[in-house]
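What follows is each chain in one-letter form.
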Amino acid sequence: METLLEVKELRTCYYTGSRVIPAADDVSFTLGRGEVLGVVGESGCGKSTVARSLVGLIDRTYTRIESGQVLFGGKDLVKATPKELCAIRGSRVSMIFQDPFVSLSPVYTVGDQIFEVMKAHDPGLRRKEAQETILELMRKVGIPSPELRVRDYPYQLSGGMQQRVMIAIALACKPDILIADEPTTALDVTVQAQVLDLLRQLKDEYQMSILLISHNLGVIASICDRVMIMYGGVVVEEGTSIQVFRQPAHPYTRGLLAAIPSITEEKEELYSIPGTVPVFQFPVTRCRFADRCERAGERCFREEPPLTRRPDGRRLRCFLAAEEGRKDC
Amino acid sequence: MEVLLETKDIKKYFPLRKKLFQKEPPGVVKAVDGISLRLYKGEALGLIGESGCGKSTFSRVVMQLIPPTQGEIWFRGERMTKKNLMEFRQRVQMVFQDPYSSLDPRMRVREIIEEPLRVHTKMNAGEKLAVVRPILERIGLPEEALEKYPHEFSGGQRQRIGIARALATQPELLICDEPVSALDVSIQSSILNLFKGMQKELGLSYLFISHDMSVVKHVSDRIAVMYLGRVVELAETKELFANTLHPYSQALMNAIPAPDPAAPRKAAALAGEPPSPIDPPPGCVFHGRCPHAAERCSREVPSLREITPGHFAACHLHAGKGGEDL
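What you see is a predicted model; the values in this text were computed from it and never measured. (Residues numbered from 1 in each chain as written. Chains lettered and ligands numbered in written order. Predicted model: local features only at pLDDT ≥ 70, side-chain atom pairs only at ≥ 80, totals over all residues. Heavy atoms only, no water.)

Caption draft 1: Structural view of the pairing of strand 11 (residues 305-308) of chain B. All names here are of chain B. Inspection of the sheet shows strand 11 paired to strand 12 (residues 311-313) by three bridges, in the antiparallel sense. By the bridge assignment, Glu-306 is partnered in strand 12 with Phe-312. Taking the residues that link successive antiparallel strands as the turn, the strand 11-strand 12 hairpin has two residues, and the phi of Gly-310 there is positive, at about 80 degrees. (Pairing = 2+ DSSP bridges. Helix = DSSP H or I, 4+ residues; strand = E, 2+ residues; numbered from the N terminus.)

In structure tokens:
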């Protein structure tokens with residue numbers, strides 16, 4: 001598979017008063033063409049920070065990309081100027097956000113908001129010429145009777161329809177990569193299923209790559225080819241969906257999977273990971289999950305385990321599981 | 001089995017305000033449209049539905065935070081009115097969704113948990129503390145927590161404080177309105193375990209409201225599925241999953257993505273979205289989205305009928321089977 005995006009040792013830190021918080025630390029991954037990569041983790045584990053760092057959508061007063069590279073189309077986006085980033089955002093890399101109602105402007109019609117993106121990347125474009133394309137886009141994302149809806153304001157649409165408009169905006173310039181940050185979290189399950197179907201269909205049609213961020217393991221499993229589990233700002237496990245969901249290796253991944261109540265099987269007592277997600281200060285010199293890990297040994301509190309690749313292709317950041325893996329092979 | 005709580009044909013309509021220059025009288029939002037349920041002692045009754053189906057309105061009517069447009073609430077064989085409201089609120093307590101906004105930031109944890117006692121009893125400080133201490137231990141918080149403020153705790157711990165407050169008056173029934181939907185999965189599971197444990201140990205009953213089918217399934221003994229202000233199916237948890245009768249319940253279950261990448265893709269998702277409760281469609285409220293809708297469905301409102309013993313459904317597809325209306 002052709003590699004579209006390569007992220008190398010990305011580190012993004014938040015500066016709050018005297019503290020430096022590594023929200024994303026040593027994050028490396030690749031995204032191939034037509035591939036769906038899922039990023040999973042609890043709130044505060046750095047999922048959104050990674051996504052936003054990729055396209056420079058971070059508040060530079062408090063946040064800084066300390067080091068690392070984001071290689072896309074032969075360019076390092078970390079070093080790109082704001083102007084260059086603007087040209088890429090919306091046209092080659094698009095993003096959809098969690099809450100469509102907040103992300104859409106309340107004072108412009110849906111059609112105008114779709115047109116805005118197209119115009120931003122093609123200044124000569126006229127609204128009238130674009131009308132047909134806009135309607136086509138709205139049809140594509142499954143908005144019924146687009147001729148009428150195109151003149152609606154966001155408040156006139158339901159949550160599911162608003163999210164479809166967001167997707168239409170993201171698709172307006174036929175991007176190579178779609179970053180979807182919790183795209184279905186604000187939606188009901190039946191509508192969520194519709195939006196997931198739509199994403200799946202668009203991926204096949206446009207050969208688009210999707211970086212899907214979610215805390216919902218069900219959503220991730222139903223659409224992603226590969227999954228990356230994050231904890232405390234670092235990637236703790238990464239592999240194909242089958243590997244991660246069928247044979248989770250990292251204690252955190254295992255805990256996460258055991259903690260969700262199941263529809264199909266009976267579980268009397270759910271597993272719960274003790275403690276809460278801590279906030280780390282830079283530099284971190286221990287396994288970030290050690291406090292909550294039942295199997296943590298003395299070494300886990302002394303050094304941070306590196307992200308190593310195992311023979312089966314998955315990457316893992318754990319001393320214990322790595323040893324187990326060696327025995328298995 | 002002893003009936004703890006019974007609601008008889010509860011309706012709650014919210015009138016819409018008349019617009020300027022509007023001639024015709026404004027409509028009403030039929031948030032809850034005739035719900036009759038029985039909750040038995042020691043039972044956890046789950047209430048599931050999508051946003052806007054009236055789950056929360058129903059819970060607020062049951063709690064008597066808002067008066068119903070029509071209908072009666074019976075508790076332990078007595079009809080609840082304004083007169084026995086104080087007594088009712090002692091026996092029935094509520095756990096809220098958002099542990100950040102449901103705790104007063106300026107009160108210490110001790111004051112928060114003691115507040116129901118202050119309202120309902122004349123206990124002195126020592127007696128109150130004697131009640132609070134064991135609750136705190138049951139809920140899994142250290143005793144130092146008593147003198148702290150809510151902001152010093154994480155989301156999961158705050159929800160525990162909310163539960164402790166609900167337990168202070170030793171209620172028989174807890175109404176839990178989306179108690180875990182604001183929490184992360186690893187925290188959510190520990191709160192769910194707590195609910196299950198308390199049901200066994202303290203003999204508590206729950207009305208457990210959630211939009212998450214897997215959460216409801218884990219906690220509840222029986223489940224009521226709501227759609228647009230009505231209960232469309234009601235059955236024991238196992239029975240509901242084994243023999244789903246109503247097409248909406250079926251669609252709801254198929255829509256849940258399983259945390260297994262190799263799971264077979266379920267039948268096509270339900271088309272469309274729930275209609276507006278301002279002007280609900282005639283007949284069965286689900287007929288616009290129902291794959292099996294027949295002509296009759298757009299004319300007649302199906303009643304909730306017992307199809308097999310203990311399994312109720314409101315659907316014309318199953319008409320002619322089974323017995324009486326609920």
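Caption draft 2: Spotlight on unusual backbone geometry. All names here are of chain B. Of note in this structure, Gln-64 is not a glycine but carries a positive phi near 60 degrees. Here Gln-64 shows up in the loop between helix 1 (55-62) and strand 4 (70-75). At Glu-178, a residue that is not glycine, the phi angle is positive and equals roughly 50 degrees. Here Glu-178 shows up in the loop between strand 7 (173-177) and helix 6 (185-202). Since its relative accessible area comes to 8%, Glu-178 is described here as buried. (Buried < 20%, exposed > 50% of the residue type's maximum accessible area, 1.4 Å probe, protein only.)

Caption draft 3: Structural context of the interface of chain A and chain B. With 42 residues of chain A at the contact, the number on the chain B side is 37 residues. Carbon and sulfur atoms supply 57% of the area buried between chain A and chain B, which totals about 3,300 Å² over both sides. When the buried area of chain A at its contact with chain B is split by residue, Thr190(A), Pro261(A) and Ile263(A) rank highest and sum to 19% of it. Scanning the region where chain A abuts chain B turns up one salt bridge. With a shortest N-O distance of 3.2 Å, Asp260(B) and Arg246(A) are connected by a salt bridge. Joining chain A to chain B, the criterion identifies ten residue pairs in polar contact (both at pLDDT 80 or more). Breaking the side of chain A that touches chain B down by element, the ones donating at least two residues are helix 7 (159-171), helix 8 (189-206), helix 9 (217-223), helix 10 (241-246) and helix 11 (251-259) of chain A. At eight residues, the largest contribution of residues to the side of chain A that touches chain B is made by helix 8 of chain A. Along the lines of polarity and charge, the residues of the side of chain A that touches chain B split into 17 nonpolar, 14 polar and eleven charged. (Contact = heavy atoms within 4.5 Å. Buried area = accessible area lost by both parts, 1.4 Å probe. Salt bridge = Lys/Arg side-chain N within 4 Å of Asp/Glu carboxyl O. Polar contact = N/O pair within 3.5 Å; in protein donor to acceptor, adjacent residues only side chain to side chain. Nonpolar A, V, L, I, M, F, W, Y, C, P; charged D, E, K, R; others polar.)

Caption draft 4: Structural view of the environment of Gly310(B). Its location among the elements puts Gly310(B) in the loop between strand 11 and strand 12. For Gly310(B), the residues in contact, after removing those within four places along its chain, are Leu234(B), Ala235(B) and Glu236(B).

Caption draft 5: Main features of helix 4 (residues 125-139) of chain B. All names here are of chain B. For helix 4, with 15 residues, the first-to-last C-alpha span of 21 Å sits near the 21 Å given by 1.5 Å per residue. Considered for burial, the residues of helix 4 that qualify are Lys-128, Val-131, Val-132, Ile-135, Leu-136 and Ile-139. All buried residues of helix 4 lie within an arc of 135 degrees about the axis, which places them on one face of the element. In helix 4, the exposed positions that point more than 90 degrees away from the buried face belong to Ala-130 and Glu-137. (Expected span 1.5 Å × (residues − 1). Arc of directions from axis to C-beta.)

Caption draft 6: Examining the pattern of salt bridges more closely. The final tally for this structure, using the stated rule, is 43 salt bridges over all chains. Here Arg315(A) makes a salt bridge to Glu238(A), at a shortest N to O gap of 2.7 Å. Of this pair, Arg315(A) sits in strand 12 (residues 315-316) while Glu238(A) sits in strand 10 (residues 234-240), placing them 77 residues apart in sequence. The class of Glu238(A) is buried, set by a relative accessible area of 5%. Glu43(B) is the partner of Arg222(B) in a salt bridge, and the nearest nitrogen-oxygen pair spans 2.5 Å. With Arg222(B) in strand 9 (residues 222-227) and Glu43(B) in the loop between strand 2 (28-40) and strand 3 (44-48), this residue pair connects regions lying 179 residues apart in the sequence. Classification of Arg222(B) by relative accessible area gives buried; the value is 11%. Note on Glu43(B): relative accessible area 7%, which makes it buried. In this structure, a network of salt bridges that share partners links the residues Glu2(B), Lys41(B), Arg76(B), Arg91(B) and Glu172(B).

Caption draft 7: Inspection of the sheet that holds strand 4 of chain B at higher detail. Residue and element names in this part refer to chain B. Across the sheet, four strands lie side by side as 2-1-4-5; this open sheet has antiparallel pairing. The open sheet is flanked by strand 2 and strand 5 (78-79), the only strands paired with a single partner. As paired elements, strand 1 (residues 3-15) and strand 4 share five bridges and run antiparallel to each other. Following the sheet pairing, Glu-6 is matched in strand 4 by Trp-74. In this fold helix 1 packs onto strand 1, strand 2 and strand 4, with an angle of close to 120 degrees to the strand it touches most, strand 1. (Axes fitted to C-alpha atoms, helices over the stretch in contact; angles between N-to-C directions.)

Caption draft 8: Representation of the side chain of Ser53(A) in the model. All names here are of chain A. As for its position among the elements, Ser-53 is in helix 1 (residues 47-54). We classify Ser-53 as buried; its relative accessible area is 2%. Only 2.7 Å separates the side chain of Ser-53 from the backbone oxygen of Thr-49, close enough to count as a polar contact. Those residues within four positions of Ser-53 in sequence are excluded, and the remaining contacts are Leu-10, Thr-12, Ile-58 and Ile-65.

Caption draft 9: Local environment of a nonpolar patch on the surface. All names here are of chain A. Taken together, the side chains of Phe-101, Val-102, Tyr-153 and Tyr-155 present a nonpolar region at the surface, about 450 Å² in accessible area. With respect to the helices and strands, the residue Tyr-155 is situated in the loop between helix 6 (146-149) and helix 7. Take Tyr-155: its relative accessible area is 58%, and that puts it in the exposed class. (Patch = residues over 30% accessible without salt bridge, like charges linked within 9 Å, V, L, I, M, F, W, Y side chains within 5 Å. Areas by Shrake-Rupley, 256 points an atom, 1.4 Å probe, with all protein chains shown as cover.)

So, to be careful, I would describe these as geometric facts and stop short of saying anything about function.
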